[in-house]
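Analysis of the macromolecular model
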Amino acid sequence: MGTFCSVIKFENLQELKRLCHWGPVIALGVIAICSTMAMIDSVLWYWPLHTTGGSVNFIMLINWTVMILYNYFNAMFVGPGFVPLGWKPENSQDSMYLQYCKVCQAYKAPRSHHCRKCNRCVMKMDHHCPWINNCCGYQNHASFTLFLLLAPLGCIHAAFIFVMTMYTQLYNRLSFGWNTVKIDMSAARRDPLPVLPFGLAAFAATLFALGLALGTTIAVGMLFFTQMKIILRNKTSIESWIEEKAKDRIQYYQLDEVFVFPYDMGSQWKNFKQVFTWSGVPEGDGLEWPIREGCHPYSLTVRYKVIEDYSGACCPLNKGIKTFFTSPCTEEPRIRLQKGEFILATRGLRYWLYGDKILDDSFVEGVSRIRGWFPRNCVEKCPCDAETDQAPDGEKKNR
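Positions within a chain are numbered from 1, following the residues in the order the chain's sequence is written. Restriction of local features to residues with pLDDT of at least 70 applies here, the model being predicted, together with a cutoff of 80 or more for giving and counting side-chain atom pairs; totals for whole chains, interfaces and linings are based on all residues. Heavy atoms throughout the structure, all of them, feed into the side-chain values; hydrogens and water do not.

The N-to-C vectors of helix α2 (residues 22-46) and helix α5 (residues 200-231) enclose an angle of 130°; their axes lie 9 Å apart at closest approach. With respect to each other, α2 and α5 are oriented oblique. The two elements α2 and α5 meet at a crossing, and its hand is left-handed. Along its contact with α2, which presents Val30, Ile33, Cys34, Met37, Asp41 and Trp45, the element α5 presents Ala202, Ala205, Thr206, Phe208, Ala209, Leu212, Ala213 and Thr216. Across the contact of α2 with α5, the residue classes break down as 11 nonpolar, 2 polar and 1 charged. With axes taken as lines fitted to C-alpha atoms, and helix axes fitted only over the stretch in contact, angles between N-to-C directions fall between 0 and 180 degrees. The way it works is that DSSP assigns letters per residue, a run of H or I at least four long becomes a helix, a run of E at least two long becomes a strand, and they are numbered from the N terminus. By the definition adopted for this analysis, an angle is roughly parallel if under 35 degrees, roughly antiparallel if over 145, roughly perpendicular if from 65 to 115, and oblique otherwise. For any helix crossing, the convention is left-handed if the near helix is rotated counterclockwise from the far helix by under a right angle, and right-handed if that rotation is clockwise. The contact definition used throughout considers only heavy atoms, calling two residues in contact when any of these lie within 4.5 Å. Think of it as three bins: nonpolar holds Ala, Val, Leu, Ile, Met, Phe, Trp, Tyr, Cys and Pro, charged holds Asp, Glu, Lys and Arg, and polar takes everything else, Gly as well.

Turning our eyes to something else, we now look at a nonpolar patch on the surface. Only residues whose relative accessible area exceeds 30% and that form no salt bridge enter a patch; like-charged residues are grouped when within 9 Å of one another, and nonpolar side chains (Val, Leu, Ile, Met, Phe, Trp, Tyr) when within 5 Å. Using a 1.4 Å probe, accessible areas were evaluated by the Shrake-Rupley method; residue-level cover was limited to the displayed protein chains. By convention in these notes, a salt bridge is any Lys or Arg side-chain nitrogen within 4 Å of a carboxyl oxygen on Asp or Glu. On the surface, Trp22, Ile26 and Trp131 cluster together into a nonpolar patch covering about 320 Å² of accessible area. With respect to the element layout, Trp22 can be found in helix α2. Note on exposure labels: buried denotes an accessible area under 20% of the residue type's maximum, exposed denotes more than 50%, and partly exposed covers the range between, all computed with a 1.4 Å probe on protein chains only. Taking relative accessible area as the criterion, Trp22 reaches 47% and is therefore assigned partly exposed.

With that settled, consider the environment of Val43. Checked against the element boundaries, Val43 lands in helix α2. Separated by 14 residues in the primary sequence, Val43 and Asn57 have C-alpha atoms spaced 9.5 Å apart.

UniProt positions are given in the numbering used here, feature names are shortened, and annotations may be inferred rather than shown by experiment. Following the UniProt record, the feature "transmembrane region" (unreviewed entry) maps to residues 25-47, 53-73, 146-167 and 200-225 here. For residues 146-167, helix accounts for 100% and strand for 0%, while the C-alpha atoms at its two ends are 32 Å apart. Secondary structure content for residues 200-225 is 100% helix and 0% strand, and the end C-alpha separation is 37 Å.

Listed below in structure tokens is the structure:
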């Protein structure tokens, strides 16, 4: 009941504007077409309500529709949860590991990312979904995943109704040439006859709805399996990409390291419970997260100290031939470095790193930073981070 109230109790009426977007319009349109046609086909031409099976079938169709819409609107209007404006970690020393968002005027909590569409830092951001016109994250990850599960199941039921409706209505009108096949069609005979005949318009509408149902089953079903895969590993789509890049880099450069994702609890059931709970409220507060034993809470961010000046050139000749020819092919900027400055690296290549330059080493709230690429040979890992044996993107060295 509490979850239901959270759906209908919007923070303000501006949330209703989320419906005025091509994503929700198409999604709700598909749901409306498939549900409506399934009920019409079932009642008028396939399974009448005066039979027990027809009544149960009709109730199941309504049940699918209600559950799909419930989780859809829950994911849309409850939202992912945003990092509070002006947020900073309780321990001021932790701010050195966190990026500062100038838009939100707050530090980015672990696992959070700034969404340009929502214009807020999203807690445990997975991705921005155009179909719900909102982000998928900490608070609505469970509802979004349940929607991805229920939508294909409801479409499979609807597709069965569509196929059986067309088959039973066209059975006595078309010759399929199945002389050796004997099918008892007594259940398909309606007495009295349907109020509306199954004409060309009904056939076209049913065929169109069948195409939508099958397409939705395949497309949304694939998204569901993708989401469950990362949920069972306690990751998000963004973190899964970071892990993949880190492992590829270790393999490519043949480094003597093993990637250890700090938020994987070591058990699929424990990871599952991080998202799905009986109360409907995910574990934690979206700002602090339990980590795996032996891992550092900020292992996805590493602090480096500048040991050589760097002019910010796109392809610097004075940093080595390999650095020159492996300059990242991206529009992201390069940042000028001076010896003694500090950098927070979040990702990187063999000869380049990407991160934030801290302009003031006091690490106080509101310190501005400059973000971009810089040569790896211009910096060295700070001793305080070397003690954790963590490399960029959460890599952990073997001993």
